[in-house]
Amino acid sequence: MLKDAIRVIKEKDPAIKSNMEVILYPSFWAVINHRLAHAIYKKHFYFLSRLISQFSRFITGIEIHPGATIGKDFFIDHGMGIVIGETAEIGDNVMLYHGVTLGGTGKGKNKRHPTIEDNVMIGAGTIVLGPVTIGKNSKIGAGSVVIQDIPENVTAVGSPVMVVRKDGVRINPVAPEELTGSKRRAV
């Protein structure tokens, strides 16, 4: 687990020059602590798992609920202010920048937080709310607000979020539901 965390940070951040620098990286500690807290959470030791996650939040500025599911090669760049809710599901090779919220709307009792599929990048200050899905290989621009499903292989930006690229080709801005046919929104 430690070797993988070090490898991911060194691959994704060109500013890191040595393995020793990685231990100063908040993302390293946030991910390691989350993996530990999540394992304990799955064994129903909720208080201990929350204690670990709150300690991690205190030292890193990154808040990840121990119930959140996170895939391999997860990377947080400049992580201050990240919030990831309990029922969030994050796929493999996902990158988040600082200030990203994967939150709930406070209205649901079951799945309340977003699902982020594989190979997604979410820009700084983006807010993704509710049980929406961001499709694989998509990019969400900085400062966007996402309250609806985002299709695969797109770049979406803004508030309200609009798709501006599909399959790597610039398109006229279009609402995500016009590409997916889905009107599912977080409420």
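Looking at an unreviewed UniProt entry, one finds the protein chain named Serine acetyltransferase, with Anaerotignum neopropionicum as its source organism. According to its UniProt record, the protein chain has this under Sequence similarities (unreviewed entry): "Belongs to the transferase hexapeptide repeat family." Regarding the protein chain, the UniProt comment filed under Pathway (unreviewed entry) reads as follows: "Amino-acid biosynthesis; L-cysteine biosynthesis; L-cysteine from L-serine: step 1/2."

For Thr87, the position within the fold is in the loop between β4 (83–84) and β5 (89–90). One polar contact links Thr87 to His113, side chain to side chain, over a distance of 2.7 Å.

Turning next to the packing of helix α1 (residues 2–12) against helix α3 (residues 26–42). Viewed as axis vectors pointing N to C, α1 and α3 meet at an angle of 145°, and their least axial separation amounts to 10 Å. Read as a crossing pair, α1 and α3 show a hand that is right-handed. Every residue of α3 that contacts α1 at Leu2, Ala5, Ile6 and Ile9 is listed here: Ser27, Phe28 and Ile32. The class makeup of the residues in the contact of α1 with α3 is 6 nonpolar, 1 polar and no charged.

It is worth spelling out the packing of α3 against helix α4 (residues 46–60) at this point. Across the interface, α3 lies against α4 with an axial gap of 8 Å and an inter-helix angle of 175°. One finds that α3 runs roughly antiparallel with respect to α4. Contact residues: Pro26, Trp29, Ala30, Asn33, Leu36, Ala37, Ile40 and Tyr41 in α3; Tyr46, Leu48, Ser49, Ile52, Ser53, Ser56, Ile59 and Thr60 in α4. Among the residues making up the contact of α3 with α4, the classes are represented as 11 nonpolar, 5 polar and no charged.

All right, on to the packing of aromatic side chains then. Under the definition given, this model contains 3 aromatic pairs. Each ring, one from Tyr25 and one from Phe75, has its centre 6.1 Å from the other, and the planes form 20°; the classification is stacked. Taken together, the residues Tyr25 in the loop between α2 (19–22) and α3 and Phe75 in strand β3 (residues 75–77) connect sequence positions 50 residues apart. With a centroid separation of 5.0 Å and an interplanar angle of 65°, the aromatic rings of Tyr41 and Tyr46 are classed as edge-to-face. A residue is classified by how much of its surface remains accessible, and Tyr41, at 16% relative accessible area, is buried.

This part is about the sheet that holds strand β8 (residues 115–116). The strand order across the open sheet built from 4 strands is β2-β5-β8-β11, with neighbouring strands paired in parallel fashion. In this open sheet, the two edge strands, each paired with only one partner strand, are β2 (69–70) and β11 (133–134). By the bridge criterion, 2 bridges tie β8 to β11 in an arrangement that is parallel. Pairing of Thr115 across the sheet is with Thr133, part of β11.

As a further point, take α1. One turn of an α-helix holds 3.6 residues; hence residues three or four places apart share an orientation. For α1, every residue scored as buried is listed here: Ala5, Val8 and Ile9. The arc that holds every buried residue of α1, seen down its axis, measures 95°, which confines them to one face. Seen from the open side of α1, the exposed residues pointing more than 90 degrees away from its buried face are Lys3 and Glu11. Where α1 is buried, its residues touch α2, α3 and β3.

This part takes up the nonpolar core. In terms of nonpolar packing, the biggest core is built from 30 residues, with Phe74, Ile84, Leu96, Leu102 and Ile122 touching the most fellow members. Of all elements in the fold, only α3 and β14 (154–157) reach the threshold of two or more residues within this core. Not counting residues within four places of it along the chain, the set of residues in contact with Leu96 comprises Phe74, Phe75, Ile76, Asp77, Ile82, Ile84, Leu102 and Ile122. Of all hydrophobic cores here, the second largest spans 10 residues; its members include Ala5, Val8, Tyr25 and Phe28.

Calculation criteria
- Residues numbered from 1 in each chain as written.
- Predicted model: local features only at pLDDT ≥ 70, side-chain atom pairs only at ≥ 80, totals over all residues.
- Heavy atoms only, no water.
- UniProt positions renumbered as here; feature names shortened; annotations may be inferred.
- Helix = DSSP H or I, 4+ residues; strand = E, 2+ residues; numbered from the N terminus.
- Polar contact = N/O pair within 3.5 Å; in protein donor to acceptor, adjacent residues only side chain to side chain.
- Axes fitted to C-alpha atoms, helices over the stretch in contact; angles between N-to-C directions.
- Left-handed = near helix turned anticlockwise from the far one by under 90°.
- Contact = heavy atoms within 4.5 Å.
- Nonpolar A, V, L, I, M, F, W, Y, C, P; charged D, E, K, R; others polar.
- Parallel < 35°, antiparallel > 145°, perpendicular 65-115°, else oblique.
- Phe/Tyr/Trp six-rings, centres within 6.5 Å; stacked < 30°, edge-to-face > 60°.
- Buried < 20%, exposed > 50% of the residue type's maximum accessible area, 1.4 Å probe, protein only.
- Pairing = 2+ DSSP bridges.
- Arc of directions from axis to C-beta.
- Core = buried A, V, L, I, M, F, W, Y, C linked by side-chain atoms within 4.5 Å.

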